[in-house]
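# Working through the structure, step by step
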Amino acid sequence: MKKNFFDVFFHCHKLPERSFFYKDKQFPICSRCTGIFIGYIIGIISLILGIFFPFLILKFWISILLIIPMLIDGSIQFFTHYRSNNYKRLITGVLAGFGIIFFLYYIALLGMAHGRWVVDHLLSYF
């Protein structure tokens, strides 16, 4: 089976009842993964624009809050008989994808700050 871009970056179940269709062809990933992918794109664009417009950079706690609706929706579906619709999955996926980009941004900043601290303390011994 030939792998495409989405097979490499998304481990998606691709269930037809949880996917969108366009002209009778199923999307390569489910509605939630489609939303996450769209959120990634919007988040990366916002992060790049944040270099010029710093107010576009989300606070860390807001990025966490954006991920929570998807966790709640997915958990409720997993543990109960409730099934949300594809549009709710899409919206929670977009919010989570957007939040994940900024969460990773802050994790990278934390790693860089820790790296600087380690280097400064190691160099202070020489």
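Before reading further, recall that the structure is shown in the block above.
These numbers were taken from a predicted model, which means no experiment stands behind them. (Residues numbered from 1 in each chain as written. Predicted model: local features only at pLDDT ≥ 70, side-chain atom pairs only at ≥ 80, totals over all residues. Heavy atoms only, no water.)

### So, the overall build of the chain
Per the secondary structure count, the chain includes four helices and two strands. Mapped in sequence order, the helices and strands of the chain form the string α-β-β-α-α-α. Relative to the compact-globule value of 14 Å for 126 residues, the chain shows a C-alpha radius of gyration of 19 Å, a clear excess of over 25%. Over its C-alpha atoms, taken along the principal directions, the chain stretches across nearly 65 × 35 × 30 Å. Out of the 126 residues belonging to the chain, those deemed buried represent 29%. Put simply, 65% of the contacts in the chain that link residues at least 6 apart link residues at least 24 apart. Of the accessible surface of the chain, which amounts to about 9100 Å², a share of 75% is contributed by carbon and sulfur atoms. (Helix = DSSP H or I, 4+ residues; strand = E, 2+ residues; numbered from the N terminus. Rg over C-alpha atoms; globule rule 2.2 N^0.38 Å. Buried < 20%, exposed > 50% of the residue type's maximum accessible area, 1.4 Å probe, protein only. Contact = heavy atoms within 4.5 Å. Areas by Shrake-Rupley, 256 points an atom, 1.4 Å probe, with all protein chains shown as cover.)

### A look at the environment of Ile41
The residue Ile41 is located in helix α2 (residues 31-49) in this model. With 57 residues separating them in the primary sequence, Ile41 and Phe98 have C-alpha atoms 7.8 Å apart.

### Notes on the side chain of Gln77
Tracing the chain through its elements places Gln77 in helix α3 (residues 60-79). For Gln77, a relative accessible area of 5% puts it in the buried group. A polar contact is formed between the side chain of Gln77 and the side chain of Arg89, at a distance of 2.8 Å. Apart from residues lying up to four places away in sequence, Gln77 is in contact with Arg18, Arg32, Tyr82, Arg83, Ser84 and Arg89. (Polar contact = N/O pair within 3.5 Å; in protein donor to acceptor, adjacent residues only side chain to side chain.)

### A look at the packing of α2 against helix α4 (residues 86-123)
Two elements in contact, α2 and α4, have axes whose closest approach is 6 Å; the angle formed by their N-to-C orientations is 40°. Classified by the angle their axes make, α2 and α4 are oblique. Crossing angle aside, the handedness with which α2 passes α4 is right-handed. When grouped by side-chain class, the residues that make up the contact of α2 with α4 number 13 nonpolar, ten polar and two charged. (Axes fitted to C-alpha atoms, helices over the stretch in contact; angles between N-to-C directions. Parallel < 35°, antiparallel > 145°, perpendicular 65-115°, else oblique. Left-handed = near helix turned anticlockwise from the far one by under 90°. Nonpolar A, V, L, I, M, F, W, Y, C, P; charged D, E, K, R; others polar.)

### Here's the deal with the environment of Gln26
Structurally, the position occupied by Gln26 is in strand β2 (residues 25-26). Counting along the chain gives 35 residues from Gln26 to Trp61, while the straight-line C-alpha distance between them is 35 Å.

### Section: unusual backbone geometry
Positive phi is not limited to glycine here, since Lys23 has a value of about 50°. Positionally, Lys23 belongs in the loop between β1 (21-22) and β2. Given a relative accessible area of 68%, Lys23 falls into the exposed group. Positive phi outside glycine occurs at Asp24, with the angle close to 60°. Here Asp24 falls in the exposed class, since its relative accessible area comes to 77%.

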